[in-house]
Amino acid sequence: MKLSPEERKERKRESNKRYLQNRTEEQREERKEKIKEYNKRYRQNRTEEQKEERREYYKRYLQNRTEEQREERKEKIKEYNKRYRQNRTEEQ
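The rules we used
Residues numbered from 1 in each chain as written. Predicted model: local features only at pLDDT ≥ 70, side-chain atom pairs only at ≥ 80, totals over all residues. Heavy atoms only, no water. Helix = DSSP H or I, 4+ residues; strand = E, 2+ residues; numbered from the N terminus. Buried < 20%, exposed > 50% of the residue type's maximum accessible area, 1.4 Å probe, protein only. Salt bridge = Lys/Arg side-chain N within 4 Å of Asp/Glu carboxyl O. Phe/Tyr/Trp six-rings, centres within 6.5 Å; stacked < 30°, edge-to-face > 60°. Expected span 1.5 Å × (residues − 1). pLDDT = per-residue confidence, 0-100. Lys, Arg positive; Asp, Glu negative; His and termini not counted. Contact = heavy atoms within 4.5 Å.

1. Looking at the overall build of the chain
Helix and strand counts for the chain come out as four helices and zero strands. Along the chain direction, N to C, the helices and strands of the chain fall in the order α-α-α-α. On the principal axes, the C-alpha backbone points of the chain span a range of 50 × 45 × 35 Å. Within the span of the chain, comprising 92 residues, buried residues form 3% of the whole.

Below, the structure written as structure tokens:
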């Protein structure tokens, strides 16, 4: 029985979901550390030119957003800050 591409994707998704749910806390922490190390090496190895390209891309992205998108982002930031402040006061 041959599966369609959609069915294969769905099976893969389910398999990944089970895999992630069945990992131990130790395995999760180990994975986090590996990702941190990878990201650290990646950032260190980027050239100045690559960094500049990223800055330029981000600058264009910000300029091309619509007013609605800007407002949505502002709202998200406000909500995040509100939750952050609440959590900080609860911890103290």
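There is more to say after this.
2. Observations concerning the pattern of salt bridges
Going through the model one piece at a time under the given rule, you end up with nine salt bridges. Salt-bridge contacts for Glu 33 lead to Lys 36; the nearest nitrogen and oxygen are separated by 3.9 Å. Here Glu 33 pairs with Lys 36, and both are found in helix H2 (residues 25–45), just three residues apart, close to one helical turn. Its relative accessible area of 52% is what places Lys 36 among the exposed residues. The closest approach of N and O atoms between Glu 67 and Arg 70, which form a salt bridge, is 3.5 Å. With Glu 67 and Arg 70 both in helix H4 (residues 67–91) and three residues apart, the pair spans about one turn of that helix. If you follow the salt bridges from partner to partner, you end up with Glu 48, Glu 52 and Arg 55 in one network.

3. Notes on the packing of aromatic side chains
Taken as a whole and judged by the stated rule, the model has three aromatic pairs. Ring geometry for Tyr 38 against Tyr 42: centres 6.5 Å apart, planes inclined by 15 degrees, an arrangement best described as stacked. Linking Tyr 38 with Tyr 42, this pair stays in helix H2, spanning four residues, or about one helical turn.

4. With respect to helix H1 (residues 5–22)
When the terminal C-alpha atoms of H1 are compared, their 26 Å separation across 18 residues agrees well with the 26 Å that a helix rising 1.5 Å per residue should span. Of all 18 residues in H1, zero are buried, a share of ten percent or less.

5. Looking at the confidence of the model for the chain
A low pLDDT score tells you not to read the predicted coordinates there in detail. Confidence along the chain averages 93 in pLDDT terms, with 100% of residues attaining 70 or more. Looking at the elements of the chain, mean pLDDT is at its lowest for H4, recorded as 92, and at its highest for H2, recorded as 94.

6. Digging into the side chain of Arg 65
Among the structural elements, Arg 65 can be located in the loop between helix H3 (48–64) and H4. Buried and unpaired, Arg 65 has no salt bridge, with Glu 72 as the nearest side chain of opposite charge at 8.6 Å. Sequence-distant contacts of Arg 65, that is, excluding residues within four places in its chain, are made with Arg 70 and Arg 73.

7. Quick look at the side chain of Arg 23
Relative to the assigned elements, Arg 23 resides in the loop between H1 and H2. Glu 30 provides the closest opposite charge to the buried, unpaired Arg 23, separated from it by 8.6 Å. Once residues lying within four places of it in the same chain are set aside, the contact partners of Arg 23 are Arg 28 and Arg 31.

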